[in-house]
Amino acid sequence: FNRDNNPEFTKNFITDIFKDSRKNLWITLLDGTILKTDGHSFSRFKHPIKESFTPLTIYVSDKVEILIGTLRKGLYLIFKNRLEHVGKQQSLKWKRVGAIHKDVQNNLWIGADSGLYMLSNGEIKKILGASGESIKNIFSISESRDGTILIGTSNLGLIFYKNGQLSFLNQK
């Protein structure tokens, strides 16, 4: 890459980088810009979101469904240039969506200010702790080799989800 020869790449505050199944990199910037690169040049992704927004995370499926988690506007789904505000019909209270991850079982995990959600077979399920508490302020989601979901939060540290159970790194 030569940053100087890429006028699309003018800002320095990167919020996420995602590599899709076609080996393209998607880069979200704090100013609302979304860039896509094949490794040779950058292009600005022209999305149908009309209002101002700040993307924090992006996920692109094999079918080129694009999910964009934002700082204050929740989660958007873009497919075939059609825009949907995900969770609005379900009255989900998320504003900041900071993490999106697809696991090996094809479940989509959403980490938001209001909790941890799993999208599976078209259903959105909120994942709660053993005593019904919500896991909030999620900034990162990943998966280990054994299928354990790892959740990074700003207030509870690292959390593990395996076999329907949450456990905390600092728990004995």
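For the structure, check the block above.
To keep things clear, this report deals only with the structure shown in the data block. (Residues numbered from 1 in each chain as written. Predicted model: local features only at pLDDT ≥ 70, side-chain atom pairs only at ≥ 80, totals over all residues. Heavy atoms only, no water.)

Some words on the overall build of the protein chain
Convention followed: The numbering of helices and of strands both runs from the N terminus, where a helix is a DSSP run of H or I of at least 4 residues and a strand a run of E of at least 2. Buried means the residue's accessible area, taken with a 1.4 Å probe over protein chains only, is under 20% of the maximum for its type, while exposed means over 50%, and partly exposed covers the values in between. Contacts: residue pairs with any heavy atoms within 4.5 Å of one another.
Scanning the protein chain for helices and strands turns up zero helices and 16 strands. Taken across its 172 residues, the protein chain has 44% of its residues classed as buried. Look at the contacts in the protein chain between residues 6 or more apart in sequence, and 31% of them connect residues 24 or more apart.

Comments concerning the sheet that holds strand β4 (residues 42-44)
So the rule is basically this: Pairing between two strands is assigned when DSSP locates at least 2 bridges connecting them. Fitted lines through C-alpha atoms give the axes, limited to the stretch in contact for helices. The angle between two N-to-C directions lies from 0 to 180 degrees.
Spatial strand order, β1-β2-β3-β4: four strands in an open sheet with antiparallel pairing. Edge positions in the sheet fall to β1 (14-19) and β4, since each has one partner strand and no second. This sheet shows a mean twist of 25° between the axes of neighbouring strands, independent of strand direction. As defined by bridge partners, strand β3 (residues 34-37) adjoins β4 across three bridges and the pair is classed as antiparallel.

Examining the environment of asparagine 24
Examined against the element boundaries, asparagine 24 turns out to sit in the loop between β1 and β2 (25-29). Judged by its relative accessible area of 12%, asparagine 24 is buried. Spatially, the C-alpha atom of asparagine 24 lies 4.7 Å from that of aspartate 38, the residues being 14 residues apart in sequence. Excluding its chain neighbours within four sequence positions, the residues that come into contact with asparagine 24 are Phe18, Lys19, Lys36, Thr37 and Asp38.

Looking at the sheet that holds strand β5 (residues 55-60)
The antiparallel open sheet is built from four strands, whose spatial order is β5-β6-β7-β8. With partners counted over all chains shown, the strands left at the sheet margins are β5 and β8 (82-86), one partner each. Looking at each pair of strands side by side, their axes are set apart by 20° on average, direction ignored. Pairing of strand β6 (residues 66-70) with strand β7 (residues 75-79) involves four bridges; the strand directions are antiparallel. When the bridges of β7 are listed, isoleucine 66 appears paired with isoleucine 78.

Focus on the pattern of salt bridges
Inclusion rule: Just to be clear on terms, a salt bridge is a Lys or Arg side-chain nitrogen sitting within 4 Å of an Asp or Glu carboxyl oxygen.
In the structure shown here, the tally under the stated rule is two salt bridges. As a salt-bridge pair, glutamate 84 and arginine 82 come within 3.5 Å of each other at their nearest N and O atoms. By relative accessible area, arginine 82 is classed as exposed at 51%. Here lysine 162 makes a salt bridge to aspartate 146, at a shortest N to O gap of 4.0 Å. A residue pair is termed long-range when its members are at least 10 positions apart, and lysine 162 in strand β15 (residues 158-162) and aspartate 146 in the loop between β13 (138-143) and β14 (149-153) qualify at 16 residues.

As for the packing of aromatic side chains
Defined as follows: Pairing of aromatic side chains requires ring centres within 6.5 Å, counting the rings of Phe and Tyr and the six-membered ring of Trp. Pairs whose planes differ by under 30 degrees are stacked, by over 60 edge-to-face, and all others tilted. Here, a charge over a ring is recorded when the distance from Lys NZ or Arg CZ to the ring centre is within 6 Å and its angle to the ring normal is within 35 degrees.
Applying the stated rule across the entire model yields four aromatic pairs. Ring centres of phenylalanine 53 and tyrosine 76 lie 6.2 Å apart, and the angle between their planes is 65°; this geometry places the pair in the edge-to-face category. One end of the pair, phenylalanine 53, is in the loop between β4 and β5; the other, tyrosine 76, is in strand β7, with 23 residues separating them in the sequence. Residue phenylalanine 53 shares its accessibility class with tyrosine 76, and that shared class is buried. Aromatic pair tryptophan 109 and tyrosine 161: ring centres 5.1 Å apart, planes at 65°, arrangement edge-to-face. Here tryptophan 109, found in strand β10 (residues 108-112), pairs with tyrosine 161, found in strand β15; they are 52 residues apart in sequence, far enough to count as distant. For the pair tryptophan 109 and tyrosine 161, one class covers both residues: buried. A cation over an aromatic ring shows up here: arginine 96 above the ring of phenylalanine 139, its NZ or CZ 4.2 Å from the ring centre.

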